[in-house]
Amino acid sequence: MASPAPAGAASAAASPSPPVQLPSPFAELVKGPSGLEKIVLRGARNCCAEIYLYGGQVTSWKNDNGEELLFLSSKAIFKPPKAIRGGIPVCFPQFGTHGNLEQHGFARNRFWTIDNNPPPLPVSPAIKAFVDLILKPSEEDLKIWPHSFEFRLRVALGPSGDLSLTSRIRNTNTDGRPFSYTFAYHTYFSVSDISEVRVEGLETMDYLDNLKAKERFTEQGDAIVFESEVDKVYLAAPSKIAIIDHEKKRTFVVTKEGLPDAVVWNPWDKKAKAMQDFGDAEYKSMLCVEPAAVERPITLKPGEEWKGRLVLSAVPSSYCSGQLDPLKVLQG
Ligand code: TA6
């Protein structure tokens, strides 16, 4: 049973733990700098990823050149109960502040465990580097969110280095009660310079603007560019979204299943300065694009299971005379 770690758990976690048999030879369990345990996945062509048991949180995804593709703040705090600032925090059972839980729920502040015997998950046989984690509510959790659940998370590296996260959440209430939740993969991408980044695929979409009392607007631009703080929940967004990093000539392709919405967030300078676990200038080198279920909470009856999947790939962006052709990746 995962449970909220007492403050200072990092030091407790520093004590040596027996090696854990992992499901695949491509995954090993090691201790991170703070003493928190993490799984290192090594995929094809030297691609790799790291996932902390704390939060079930991916904190690193590297391509075959060893380049880090996710943003992790240099000031991230690896000390429960603080959430790790960067990578892919899992927001469950609540995204944001609408609800009676802390912002973004508690899954990212809990210790997950390795699930060595998960129910079968149909995946391509080409995917060999993966790990299965599981989170169940503690007695403490049941006091703040009175529902039993099994949250299984598979993190995998595909043969071309793509990173996939598959969440399966099952209602295991024995009292017949359904439950509803909101969810997000709060993904922090590493970018060369936020002012050189465009997001394609969300044009003409409606969004709720968190900077304007969640008022609803329609995206007018032919692509989203960044010149100030952005905090928008795009509704019923397409299954593919492209993040084009002009300087790096790299396009991130975000593919989502079971997650209708997409949150786009950059704190810009003022909010950056206000976050203790975020460098003042780090807003220039990150962008959050977060596949989510926000506008319409997901409801599960006892025994029902929901699946939400995120696939990230990084492809070279070809440019001709300044014209972007990310549509290729959106239609691919
Ligand atoms: O996803 C955007 C957002 O909801 C922003 O409003 C900002 O609060 C961000 O999440 C970070 O939240 P956190 O709780 O991780 O500091």
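Residues numbered from 1 in each chain as written. Predicted model: local features only at pLDDT ≥ 70, side-chain atom pairs only at ≥ 80, totals over all residues. Heavy atoms only, no water.

## A word on the packing of aromatic side chains
- For the structure shown, the criterion picks out 23 aromatic pairs.
- Ring geometry for Trp61 and Phe252: centres 6.3 Å apart, planes at 45 degrees, overall tilted. Remark: Phe252 occurs in strand β18 (residues 250-257) and Trp61 occurs in strand β4 (residues 57-62); sequence separation between them is 191 residues.
- Ring geometry for Phe151 and Phe183: centres 6.0 Å apart, planes at 40 degrees, overall tilted. Note that Phe151 is positioned in strand β8 (residues 149-157) and Phe183 in strand β10 (residues 179-185), a separation of 32 residues in sequence. (Phe/Tyr/Trp six-rings, centres within 6.5 Å; stacked < 30°, edge-to-face > 60°. Helix = DSSP H or I, 4+ residues; strand = E, 2+ residues; numbered from the N terminus.)

## Looking at the environment of Asp162
- Structurally, Asp162 can be placed in the loop between β8 and β9 (163-171).
- Asp162 has contacts with Trp61, Ala156, Leu157, Val311, Leu312 and Ser313, leaving out every residue within four places of it along the chain.
- For Asp162, the side chain forms a polar contact with the side chain of Ser160, separated by 2.9 Å. (Contact = heavy atoms within 4.5 Å. Polar contact = N/O pair within 3.5 Å; in protein donor to acceptor, adjacent residues only side chain to side chain.)

## Things to note about the layout of surface pockets
- For the largest pocket, the calculated volume is near 600 Å³.
- Only β16 (230-234), β19 (261-266) and β20 (286-300) provide two or more residues apiece to the lining of the largest pocket.
- Partitioning the lining of the largest pocket into residue classes produces 12 nonpolar, 8 polar and 9 charged.
- Lining the second largest pocket we find 18 residues, and of these Asn63, Asp64, Ala314, Val315 and Pro316 sit closest to its centre.
- Tallying contributions element by element places strand β21 (residues 305-316) first for the lining of the second largest pocket, with 4 residues.
- Residue composition of the lining of the second largest pocket, grouped by class: 6 nonpolar, 5 polar and 7 charged. (1 Å grid on protein atoms, 1.4 Å probe; cavity = no way out; pocket = protein on both sides within 12 Å on 5 of 7 lines; lining within 4 Å. Points joined across faces, edges and corners; volume = space filled by probe spheres on them. Nonpolar A, V, L, I, M, F, W, Y, C, P; charged D, E, K, R; others polar.)

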